[in-house]
Amino acid sequence: MVTNVVEELAHQEVHFIAEDEEIIIVPNFSLQHVRKQVSQSFFCSCRVRISNQNNPLRLSTLQVHLLGGTYGPFRPQIPVGVPLWLAVFLKKQGKCNVIPPRWLEVTTLNSVIELERGDDVFQALPIHYVELATDLCKYAREDLQDWSLSCDLVDSIRSVRHNKIQSGLRSLDTRALKGVKLNNLTALEVNLIRPFMSRALGHFLDANAGRMKRM
């Protein structure tokens, strides 16, 4: 009997991982002229450390040090890349605008839907496109061309891809013992099919082992 230990991540865990994806924002504040204690208070809920905090004469080089990297300096109207969670935090504080990724534009999403529906091949999308779109449509609506339409289009893409995955899984046979190759799957999609694939391959292996014993 072939046993399989499958550690399935919860949807919330996959979403948590996605929050480290980089997003471009345009700050409307500056750390250049902010006193040290104000800067620390502003970012305290982010659990970050401000660089050069022991040298108040060099505030123009202030940066935010996170576990995942160093971000900044933050200056008004100067685009800067930050992780999604920090972009959402600053957006909630009214401290920035978000520059939507090009793949989230309505025209791009419409093109992706047409390609997904017309081809069995999965289109290349950001590995966390669903999570990114969900948060941006929720917290940065005013920065999107049409957040409601974008949200609906992303949901349609997810539905089409899900149907293609189900169709592919139904066609699995013993040839899957040699391996299954699926290109351009996203993190949520991989997490969705991992338990099924593991169990299915386990059954195939059990059946193949029984057949070999009878020979």
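No experiment lies behind these values; they were computed from the predicted model shown.

Engineer: Before we move on, can you summarise the overall build of the protein with the specific residues and values?
Structural biologist: Helix and strand content of the protein: 7 helices and 6 strands. Reading the secondary structure of the protein in the N-to-C direction produces α-β-α-β-β-β-β-α-β-α-α-α-α. Burial analysis of the protein (215 residues in total) assigns 38% to the buried set. Approximately 13200 Å² of the protein is accessible, and the part contributed by carbon and sulfur atoms is 52%.

Engineer: Break down the sheet that holds strand E1 (residues 22-27) for me, with residues and values.
Structural biologist: With antiparallel pairing, 3 strands are arranged side by side in an open sheet as E5-E1-E6. Of all the strands in the sheet, the pair left with one neighbour each is strand E5 (80-83) and strand E6 (96-99). Between one strand axis and the next, the sheet turns through 50° on average, direction left out of account. Two strands pair when backbone bridges link them, and E1 and E6 are joined in this way by 4 bridges, in the antiparallel orientation. Residue Ile-25 lies in a different strand from E6, and its bridge partner there is Val-98.

Engineer: Please give an account of the nonpolar core that cites residues and values.
Structural biologist: With 37 residues, the main nonpolar core has Ile-23, Ile-25, Phe-74, Val-82, Leu-90 and Leu-104 as its most contacted residues. At the level of secondary structure, the elements contributing two or more residues to this core comprise E1, E5, helix H3 (84-92), E6, helix H4 (106-118), helix H5 (129-139), helix H6 (147-170) and helix H7 (187-214). Ignoring sequence-local partners within four residues, the contact set of Ile-25 consists of Phe-74, Ile-78, Pro-79, Val-80, Val-82, Ala-87, Leu-90, Cys-96, Asn-97, Val-98 and Ile-99.

Engineer: Lay out the packing of H3 against H5 with the relevant residues and their values.
Structural biologist: Contact geometry of H3 with H5 gives a least axis separation of 11 Å together with a crossing angle of 5°. As the angle between them shows, H3 and H5 are arranged roughly parallel. Contacts between H3 and H5 pair Leu-84, Val-88, Lys-91 and Lys-92 from the former with Leu-132, Asp-135, Leu-136 and Tyr-139 from the latter. Partitioned by chemical class, the residues of the contact of H3 with H5 number 5 nonpolar, no polar and 3 charged.

Engineer: I'd love a proper account of helix H1 (residues 11-18), names of residues and values included.
Structural biologist: Side chains three or four residues apart in an α-helix point the same way, a direct result of the helix having 3.6 residues per turn. Residues Val-14, His-15 and Ala-18 constitute the buried set of H1. For H1, the buried positions fall inside an angular range of 100° around the axis, keeping them on one side. For H1, the exposed residues lying more than 90 degrees away from the buried face are Gln-12 and Phe-16.

Engineer: Can you lay out the pattern of salt bridges for me, pointing to particular residues and giving the numbers?
Structural biologist: In this structure the tally under the stated criterion is 6 salt bridges. Between Lys-91 and Asp-143 there is a salt bridge; the shortest N-O distance is 2.8 Å. Taken together, the residues Lys-91 in helix H3 and Asp-143 in the loop between H5 and H6 connect sequence positions 52 residues apart. A residue is classified by how much of its surface remains accessible, and Asp-143, at 17% relative accessible area, is buried. Notably, a salt bridge pairs Lys-164 with Glu-116, separated by 2.7 Å at the nearest N-O pair. Taken as a pair, Lys-164 in helix H6 and Glu-116 in helix H4 lie far apart in primary sequence, 48 residues in all. Put simply, Glu-116, Arg-161, Lys-164 and Glu-189 are held in one network by salt bridges that share partners.

Engineer: Give me the lowdown on the packing of H1 against H5, citing residues and values where you can.
Structural biologist: The interhelical angle for the contact between H1 and H5, taken along N-to-C directions, is 80°, at an axis separation of 9 Å. Compared by their axis directions, H1 and H5 come out roughly perpendicular. Residues Val-14, His-15 and Ala-18 of H1 form the contact with H5, whose participating residues are Glu-131, Leu-132, Thr-134 and Asp-135. Of the residues contributing to the contact of H1 with H5, the split by class is 3 nonpolar, 2 polar and 2 charged.

Reading the values: the criteria
Numbers given for residues are sequential positions, taken from 1 along each chain in its written order. Where local features are concerned, this predicted model is filtered to residues with pLDDT of at least 70; where side-chain atom pairs are given and counted, the filter is 80 or more; whole-chain, interface and lining totals use all residues. Side-chain metrics rest on all non-hydrogen atoms present in the structure, leaving aside hydrogens and water. Strands here mean DSSP runs of E at least two residues long; helices mean DSSP runs of H or I at least four residues long; both are numbered from the N terminus. Remark: exposure states derive from per-residue accessible area (1.4 Å probe, protein chains only) relative to the maximum for the residue type, with buried under 20%, exposed over 50%, and partly exposed in between. Residue burial considers only the protein chains on display, and all accessible areas are found by Shrake-Rupley using a 1.4 Å probe. Paired strands are those between which DSSP finds at least two bridges. Each axis is a line fitted through C-alpha atoms, taken for helices only over the stretch in contact, and angles between the N-to-C directions span 0 to 180 degrees. We call a set of buried Ala, Val, Leu, Ile, Met, Phe, Trp, Tyr and Cys residues a nonpolar core when their side-chain atoms join them within 4.5 Å. Whether two residues are in contact is decided by their heavy atoms, any of which lying within 4.5 Å being enough. When an angle is under 35 degrees it counts as roughly parallel; over 145 it counts as roughly antiparallel; between 65 and 115 it counts as roughly perpendicular; any other value is oblique. Under the convention adopted here, Pro, Cys and the residues Ala, Val, Leu, Ile, Met, Phe, Trp and Tyr are nonpolar, Asp, Glu, Lys and Arg are charged, and Gly plus all remaining residues are polar. The directions from the helix axis to the C-beta atoms are what the arc is built from. Whenever Lys or Arg places a side-chain nitrogen within 4 Å of a carboxyl oxygen from Asp or Glu, that contact is recorded as a salt bridge.

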